[in-house]
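Here's the letter readout for the chains.
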Amino acid sequence: MRIPLTLLILGALSLPAYAQSGNADAAKGKVSMCIGCHGISMYKTAFPEVYSVPMIAGQSPEYIVKALQAYRAGDRSHPTMRGIAKGLSDQDMADVAAYYGGTGKAAK
């Protein structure tokens, strides 16, 4: 009986890091801070160093949420992204991920 319980616990721990369901429509008022960098093809930022900014449209929603959580926690170091992520709730992150990820309108 101990092994199935252990497997159940391990299975629960392997679920995605977020439980919120994202709403792409709700994100429309939240993505203005993203568009200025992530919406420009071949854009490079000069702060804190020259850095090619990735396009995030079409990126996996799970990846977007995990990346934003890592910036908020300080596990990723880009200062602008850390500042933006600290101002986002978990629901905001899920909404932005739904907007940019998968088949979201911004992904086309």
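Counting restarts for each chain: residues are numbered from 1 in the order of the written sequence. Residues qualify for local features only when their pLDDT is at least 70, as the model is predicted, and side-chain atom pairs are given and counted only at 80 or more; totals for whole chains, interfaces and linings, by contrast, use all residues. The side-chain values count all of the structure's non-hydrogen atoms but skip hydrogen atoms and water molecules.

### As for the environment of Pro54
Here is step 1 of the chain: Mapping Pro54 onto the fold places it in the loop between strand E2 (51-52) and helix H4 (61-73).
Here is step 2 of the chain: Through-space distance from the C-alpha of Pro54 to that of Gly39 is 8.9 Å; in sequence the pair is 15 residues apart. Secondary structure elements follow DSSP: runs of H or I no shorter than four residues count as helices, runs of E no shorter than two count as strands, and numbering proceeds from the N terminus.

### Notes on the packing of aromatic side chains
Ring pairs (aromatic) are described by centroid distance and by the angle formed between their planes.
Here is step 1 of the chain: Aromatic pairs are defined between Phe, Tyr and Trp rings, using the six-membered ring for Trp, whenever the two ring centres lie within 6.5 Å; interplanar angles under 30 degrees are classed as stacked, those over 60 as edge-to-face, and all others as tilted. Across all of its chains, the model carries one aromatic pair by this definition.
Here is step 2 of the chain: When the ring of Tyr99 is compared with that of Tyr100, the centres are 5.0 Å apart and the planes differ by 85 degrees; the resulting orientation is edge-to-face.
Here is step 3 of the chain: Buried residues are those whose accessible area, probed at 1.4 Å on protein chains only, stays under 20% of the maximum for their type, while exposed residues exceed 50% and partly exposed ones sit between those limits. On the accessibility criterion, Tyr99 (14% relative accessible area) is buried.
Here is step 4 of the chain: The buried category is assigned to Tyr100, whose relative accessible area is 4%.

### A word on the pattern of salt bridges
Here is step 1 of the chain: Any Lys or Arg side-chain nitrogen located within 4 Å of an Asp or Glu carboxyl oxygen qualifies as a salt bridge. Under the defined criterion, the tally for this structure stands at four salt bridges.
Here is step 2 of the chain: Residues Asp95 and Lys30 are paired through a salt bridge, measuring 2.6 Å at the closest nitrogen-oxygen approach. With a gap of 65 residues between them, Asp95 in helix H6 (residues 90-100) and Lys30 in the loop between helix H2 (24-27) and helix H3 (32-38) connect regions that are remote in the sequence.
Here is step 3 of the chain: With a relative accessible area of 3%, Asp95 lands in the buried category.
Here is step 4 of the chain: Across the pair Arg72 and Asp90 runs a salt bridge, and its minimum N-O distance is 2.5 Å. Taken together, the residues Arg72 in helix H4 and Asp90 in helix H6 connect sequence positions 18 residues apart.
Here is step 5 of the chain: The exposure class of Arg72 is partly exposed, given its relative accessible area of 28%.
Here is step 6 of the chain: With relative accessibility at 35%, the residue Asp90 sits in the partly exposed group.
Here is step 7 of the chain: Each of Lys30, Asp92 and Asp95 takes part in salt bridges that share partners, so that together they form one network.

### What to know about unusual backbone geometry
Here is step 1 of the chain: A positive phi angle, close to 65 degrees, is found at Met42, a residue other than glycine.
Here is step 2 of the chain: One can find Met42 in the loop between H3 and strand E1 (44-45).
Here is step 3 of the chain: On the basis of relative accessibility, which here comes to 75%, the residue Met42 falls in the exposed class.

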